[in-house]
Amino acid sequence: DAGVIQSPRHEVTEMGQEVTLRCKPISGHNSLFWYRQTMMRGLELLIYFNNNVPIDDSGMPEDRFSAKMPNASFSTLKIQPSEPRDSAVYFCASSGDRNSPLHFGNGTRLTVT
Amino acid sequence: KQEVTQIPAALSVPEGENLVLNCSFTDSAIYNLQWFRQDPGKGLTSLLLIQSSQREQTSGRLNASLDKSSGRSTLYIAASQPGDSATYLCAVTLTAGANSKLTFGKGITLSVRP
């Protein structure tokens, strides 16, 4: 099992550019979560999917953020246009059900200059 | 709104010491609680998961306890080693509806000195 796979590992971009983060959950897991981690705010849930359907996107900060899960093995988080305050580590995580532990990817460190 | 607190934010202990990391939450109606470990530049690794009906879970030198009524959990690490140095986070899942999202504390950064 390769675990949750995120790409890219690092992303440096200029303000105003579009950023797309990618995630491949563990095969068989039906829940997928996108988190953002900063020193100030800790881990914040942005959005989560159950069986590819968005269940709760109340954590998505603004309309500049969007997430999709076209199939059970792939999800994207897009920021358009990006701003310096979006700089953070973005984690994707998946789980089988509520009784199962959450498995995290290694994250994407985003820097917006 | 559920809030999860972990105090202190950082802890430094000598190797071999037994230690306790604390976690508190404001809403006792939780479904389960998880303890995670995060190494620098890495994602989180689940250490222990305690269901709301359980009092504790053990894995090797780690023991996690849960007291729902008081809104507290502890992670006990026996005979600490330098390799235990990392940030430890707790997270709770609420029982409300089909909501399975976790609310995290900010973590405790542990340093075990050789």
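The structure this text deals with has already been given above.
This report concerns the structure included in the present document.

Calculation notes
- Residues numbered from 1 in each chain as written.
- Chains lettered and ligands numbered in written order.
- Predicted model: local features only at pLDDT ≥ 70, side-chain atom pairs only at ≥ 80, totals over all residues.
- Heavy atoms only, no water.
- Helix = DSSP H or I, 4+ residues; strand = E, 2+ residues; numbered from the N terminus.
- Rg over C-alpha atoms; globule rule 2.2 N^0.38 Å.
- Contact = heavy atoms within 4.5 Å.
- Areas by Shrake-Rupley, 256 points an atom, 1.4 Å probe, with all protein chains shown as cover.
- Lys, Arg positive; Asp, Glu negative; His and termini not counted.
- Charge placed at Lys NZ, Arg CZ, Asp CG, Glu CD.
- Buried area = accessible area lost by both parts, 1.4 Å probe.
- Salt bridge = Lys/Arg side-chain N within 4 Å of Asp/Glu carboxyl O.
- Buried < 20%, exposed > 50% of the residue type's maximum accessible area, 1.4 Å probe, protein only.
- Disulfide = S-S within 2.5 Å.
- Polar contact = N/O pair within 3.5 Å; in protein donor to acceptor, adjacent residues only side chain to side chain.
- Phe/Tyr/Trp six-rings, centres within 6.5 Å; stacked < 30°, edge-to-face > 60°.

**A closer look at the overall build of chain A**
Here comes step 1: Secondary structure assignment for chain A yields zero helices and 11 strands.
Here comes step 2: Element order for chain A, N to C, with α for helix and β for strand: β-β-β-β-β-β-β-β-β-β-β.
Here comes step 3: Expected size for 113 residues packed as a compact globule is a radius of gyration near 13 Å; at 13 Å, chain A falls within 12% of this value.
Here comes step 4: On the principal axes, the C-alpha backbone points of chain A span a range of 40 × 25 × 25 Å.
Here comes step 5: Once local pairs closer than 6 in sequence are excluded, the contacts in chain A between residues at least 24 apart make up 53%.
Here comes step 6: Summed over all atoms, the accessible surface of chain A reaches about 5,600 Å², with 49% contributed by carbon and sulfur.
Here comes step 7: Computed over 11 positive and 12 negative side-chain charges, the separation of the two mean positions in chain A equals 3 Å.

**A few points about the interface of chain B and chain A**
Here comes step 1: If you look at the interface, chain B gives 24 residues, while chain A gives 22 residues.
Here comes step 2: Carbon and sulfur atoms make up 49% of the area that chain B and chain A hide from each other, which totals about 1,800 Å².
Here comes step 3: Put simply, chain B and chain A have zero salt bridges between them.
Here comes step 4: When contributions to the side of chain B that touches chain A are tallied by element, the ones reaching two or more residues are strand S4 (30–38), strand S5 (44–51), strand S9 (86–94) and strand S10 (102–104) of chain B.

**Details of the pattern of salt bridges**
Here comes step 1: Applying the stated criterion across every chain, the model contains 10 salt bridges over all chains.
Here comes step 2: In this structure, B:Asp39 and B:Arg37 form a salt bridge, with 3.0 Å as the shortest nitrogen-oxygen distance.
Here comes step 3: Owing to a relative accessible area of 28%, B:Asp39 belongs among the partly exposed residues under this scheme.
Here comes step 4: On the basis of relative accessible area, B:Arg37 is assigned to the buried category, the value being 18%.
Here comes step 5: Through salt bridges with shared partners, one network takes in A:Glu62, A:Arg64, A:Glu83, A:Arg85 and A:Asp86.

**Overview of the state of the cysteines**
In protein chemistry, a disulfide is the covalent bond that joins the sulfur atoms of two cysteines.
Here comes step 1: Under the counting rule described, the total for this entry stands at two disulfides over all chains.
Here comes step 2: A:Cys23 shares a disulfide with A:Cys92; S-S distance 1.9 Å. The S-S bond linking A:Cys23 to A:Cys92 shows a torsion near -65°; that makes this disulfide left-handed. Placement of A:Cys23 in strand S3 (residues 19–24) and of A:Cys92 in strand S9 (residues 88–95) is noted, with a sequence separation of 69 residues between them. One exposure class covers both A:Cys23 and A:Cys92, and it is buried.
Here comes step 3: A sulfur-sulfur distance of 1.9 Å marks the disulfide that ties B:Cys23 to B:Cys90. One quick way to see it: the torsion about the S-S bond of B:Cys23 and B:Cys90 is about 75°, and its sign makes the bridge right-handed. With B:Cys23 in strand S3 (residues 19–25) and B:Cys90 in strand S9, this pair connects stretches of sequence that are 67 residues apart. Each of the two residues, B:Cys23 as well as B:Cys90, counts as buried.

**So, the environment of A:Asn30**
All names here are of chain A.
Here comes step 1: Relative to the elements of secondary structure, asparagine 30 occurs in the loop between S3 and strand S4 (31–38).
Here comes step 2: Put simply, asparagine 30 and serine 95 are 65 residues apart on the chain and 6.5 Å apart in space, counted from C-alpha to C-alpha.
Here comes step 3: Those residues in contact with asparagine 30, other than ones at most four positions away along the chain, are Phe49, Asn50, Asn51, Ser95, Gly96 and Asp97.
Here comes step 4: Side-chain polar atoms of asparagine 30 contact the backbone oxygen of glycine 96, separated by 3.3 Å.

**Details of the packing of aromatic side chains**
Here comes step 1: Enumeration over the complete set of coordinates arrives at eight aromatic pairs over all chains.
Here comes step 2: Centre to centre, the rings of A:Phe91 and A:Phe104 are 6.0 Å apart; their planes meet at 80°, and the pair counts as edge-to-face. Taken together, the positions of A:Phe91 in strand S9 and A:Phe104 in strand S10 (residues 103–104) put the pair 13 residues apart, joining distant regions of the chain. Grouping residues by exposure puts A:Phe91 and A:Phe104 together as buried.
Here comes step 3: Between A:Phe104 and B:Phe36, the ring centres sit 5.8 Å apart and the planes meet at 85°, which makes this aromatic pair edge-to-face.

In short, the description is geometric, and any link to function would need to be established separately.
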